[in-house]
There are 2 protein chains.
Amino acid sequence: MAEYIAPIGRLIEEFRRLPGVGKKTAVRYAFAMLNLSQEEAAGFADAVIGAKRDVFTCPECCGLSSAAEKCDICANESRDPSVICVVESAKDVMVMEKVRGYKGKYHVLGGVLSPIDNVTVDDLNIAELIRRVESGEVREVIVATNPTPSGDATAAYLARILEPYGTEVSRLAYGIPVGGDIEYADEVTLMRAMEGRKYFNV
Amino acid sequence: MAEYIAPIGRLIEEFRRLPGVGKKTAVRYAFAMLNLSQEEAAGFADAVIGAKRDVFTCPECCGLSSAAEKCDICANESRDPSVICVVESAKDVMVMEKVRGYKGKYHVLGGVLSPIDNVTVDDLNIAELIRRVESGEVREVIVATNPTPSGDATAAYLARILEPYGTEVSRLAYGIPVGGDIEYADEVTLMRAMEGRKYFNV
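Residues numbered from 1 in each chain as written. Chains lettered and ligands numbered in written order. Predicted model: local features only at pLDDT ≥ 70, side-chain atom pairs only at ≥ 80, totals over all residues. Heavy atoms only, no water.

The next point concerns the relation of the copies chain A and chain B. Of the transformation superimposing chain A on chain B, the axial component is 0.0 Å and the angular component is 180 degrees, with the fit at an RMSD of 0.1 Å. Read as a symmetry element, the transformation amounts to a two-fold axis. Within chain A, the C-alpha atom positioned nearest to the axis of rotation is that of A:Ala45, 2.1 Å from it. With an isologous cut-off of 70% or more, the 100% of interface residues of chain A that recur at the interface of chain B puts this contact in the isologous class. (Least-squares fit on C-alpha atoms with pLDDT ≥ 70 in both. Contact = heavy atoms within 4.5 Å.)

The following block contains the structure:
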């Protein structure tokens, strides 16, 4: 006899697709679904399908758009087109948008260069970025890839290939997080914090 | 401007229904869904709806059944009908089924008595349990509620109301988990382990 009756077993398997979800968590989620009303479950299912159906890729920044045209940020005339923040994934755009002060635009790479994972320049939206920079109106490209070896390598690569266009390329500062404690910072973060130290202008 | 485009925001809200899922996890799940193919997303949605549509309550044990009749365990002639293991939720049936040696049947209470949460005898499947015991073929009821105050209270209540029927009522043993270390056991578990100590027959 199977451990779970078929419809539940199937739902458990589906939940296991989610990142970081193992067997026990999937079982917990599946049984939580059973406690929803028929309408609520239908709403959940519809949201899953809707997210696939109604989400498009922005032709400009390669991020997510709610229509088959420019996303809200790219279409927003009040955003500064001379600054582009390059991020790894579409999710990171939303993360960066929490920084209320940033009024530039974005470019989603769709990953980072990683020879080990067979991710090369052609797998990323780098040609699209060059096309935007070539237009001439981009003054600065801020590379906001994660502080991982691949993220660092990708930032260095972008700095090199964008150099001929006379665009400034910068990288986010890495160091001790605000509110963090030096005691708990790892060595690499501490090293980065030392390298990026700021001098007081006395 | 909303933090996320509408279809994604909606999916994030749906994922937040799941137990233990906060904003960050829901965002992670929603973006994982976007990486599925259209067919995979449809399969996921269908599994959610299917679990609601194709799962029924067993009229005998109040557990889950894949048809609008007795569940596989209740319908299984080789299972001993004279022993009933009482569990809190349908999920616990699957947990107990891992104990390969158990060949009795089950009864799902659908919760535990908890005055604080307004859960009274009428909210649980206790009348159904009494009906099964009344039939006379039940020799023993093993109460496998969790070792919480409510679980204990429910077990004590069941022992009292089943007493007139001459059915033995027992409770799972609680103590140090196998492979566990006494050093890390909490006081209540240690107390239970002391209370439930076994004498060597020398």
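From this point, the narrative continues.
All names here are of chain B. Within the element layout of this structure, Glu 137 appears in the loop between helix 6 (126-134) and strand 5 (140-143). Sequence separation between Glu 137 and Tyr 165 is 28 residues, and the spatial gap between their C-alpha atoms is 11 Å. Excluding anything up to four places from it in sequence, Glu 137 contacts Pro 81 and Ser 82. (Helix = DSSP H or I, 4+ residues; strand = E, 2+ residues; numbered from the N terminus.)

Our next topic: the interface of chain A and chain B. When the parts come together, some accessible area is lost, and that loss is often what is quoted as the size of the interface. Contacts between chain A and chain B engage 51 residues on the former and 51 residues on the latter. Regarding the contact of chain A and chain B, the summed buried area is about 4,800 Å², with carbon and sulfur atoms giving 74% of it. Counting across the chain A and chain B interface gives four salt bridges. Across the pair A:Arg10 and B:Asp46 runs a salt bridge whose closest N-O atoms are separated by 3.2 Å. Linking chain A with chain B are eleven residue pairs in polar contact (both at pLDDT 80 or more), by the criterion used here. Those elements giving two or more residues to the side of chain A that touches chain B turn out to be helix 1 (6-15), helix 2 (23-34), helix 3 (38-53), strand 2 (64-65), helix 4 (72-75) and helix 5 (90-97) of chain A. With 15 residues, helix 3 of chain A is the single largest residue contributor to the side of chain A that touches chain B. Per-class residue counts for the side of chain A that touches chain B are 30 nonpolar, seven polar and 14 charged. (Buried area = accessible area lost by both parts, 1.4 Å probe. Salt bridge = Lys/Arg side-chain N within 4 Å of Asp/Glu carboxyl O. Polar contact = N/O pair within 3.5 Å; in protein donor to acceptor, adjacent residues only side chain to side chain. Nonpolar A, V, L, I, M, F, W, Y, C, P; charged D, E, K, R; others polar.)

This part takes up the packing of helix 1 of chain A against helix 2 of chain A. All names here are of chain A. Their axes nearest at 8 Å, the elements helix 1 and helix 2 cross at an angle of 125 degrees. Here helix 1 is positioned oblique relative to helix 2, judged by the angle of their axes. Crossing handedness for the pair helix 1 and helix 2: right-handed. Residues Ile 8, Leu 11, Ile 12 and Phe 15 of helix 1 pack against Ala 26, Val 27, Tyr 29, Ala 30, Phe 31, Met 33 and Leu 34 of helix 2. (Axes fitted to C-alpha atoms, helices over the stretch in contact; angles between N-to-C directions. Parallel < 35°, antiparallel > 145°, perpendicular 65-115°, else oblique. Left-handed = near helix turned anticlockwise from the far one by under 90°.)

With that settled, consider helix 2 of chain A. Under the 1.5 Å per step criterion, the end-to-end length of helix 2 of chain A is 17 Å for twelve residues, consistent within 8% with the ideal 16 Å. Residues of helix 2 of chain A that are buried include every one of A:Ala26, A:Val27, A:Tyr29, A:Ala30, A:Phe31, A:Met33 and A:Leu34, and no others. (Expected span 1.5 Å × (residues − 1). Buried < 20%, exposed > 50% of the residue type's maximum accessible area, 1.4 Å probe, protein only.)

The phi torsion at A:Asn118 lies on the positive side, around 65 degrees, for a residue other than glycine. Mapped onto the fold, A:Asn118 is located in the loop between strand 4 (105-108) and helix 6 (126-134).

Looking now at the side chain of A:Glu14. Residue position: A:Glu14 is located in helix 1. With near-sequence residues (within four places) excluded, A:Glu14 lies in contact with B:Glu40, B:Gly43, B:Phe44 and B:Ala47.

Time to look at the packing of aromatic side chains. As enumerated under the stated definition, the model contains nine aromatic pairs over all chains in all. A centroid spacing of 5.6 Å and a plane angle of 70 degrees characterise the contact between B:Phe15 and B:Tyr29, whose relative ring orientation is edge-to-face. Of this pair, B:Phe15 sits in helix 1 (residues 6-15) while B:Tyr29 is found in helix 2 (residues 23-34), placing the two residues 14 residues apart along the sequence. We note that B:Phe15, like B:Tyr29, is buried. Three or more aromatic residues joined by ring pairs form one cluster here, namely A:Phe15, A:Tyr29, A:Phe44, B:Phe15, B:Tyr29 and B:Phe44. (Phe/Tyr/Trp six-rings, centres within 6.5 Å; stacked < 30°, edge-to-face > 60°.)

Residues and elements named next belong to chain A. The pairing of strand 5 (residues 140-143) with strand 6 (residues 168-171) spans four bridges and is classified as parallel. The partner of Val 141 across the bridge, within strand 6, is Val 169. With helix 7 (residues 149-162) bridging strand 5 and its parallel neighbour strand 6, the resulting β-α-β unit is right-handed. (Pairing = 2+ DSSP bridges. Right-handed = clockwise from strand over helix to strand, strands pointing away.)

All names here are of chain B. Ordered in space as 4-3-5-6, the four strands form an open sheet in which the pairing is parallel. Of all strands in the sheet, those with a lone pairing partner are strand 4 (104-108) and strand 6 (168-171), marking the two edges. When the angles between neighbouring strand axes are averaged without regard to direction, this sheet yields 25 degrees. In terms of strand pairing, strand 3 (residues 80-87) meets strand 5 through four bridges, oriented parallel. In the sheet register, Val 86 faces strand 5, and the bridge partner there is Val 143.

Moving on, we get to the nonpolar core. In this structure, A:Phe15, B:Ile8, B:Phe15 and B:Phe31 are the most contacted members of the largest nonpolar core, which totals 83 residues. Setting aside anything within four residues of it in sequence, one finds B:Ile8 in contact with A:Val55, A:Leu64, B:Ala30, B:Phe31 and B:Leu34. In terms of nonpolar packing, the next biggest core, distinct from the first, is built from 16 residues, B:Val86, B:Ile126, B:Val143 and B:Ile161 among them. (Core = buried A, V, L, I, M, F, W, Y, C linked by side-chain atoms within 4.5 Å.)

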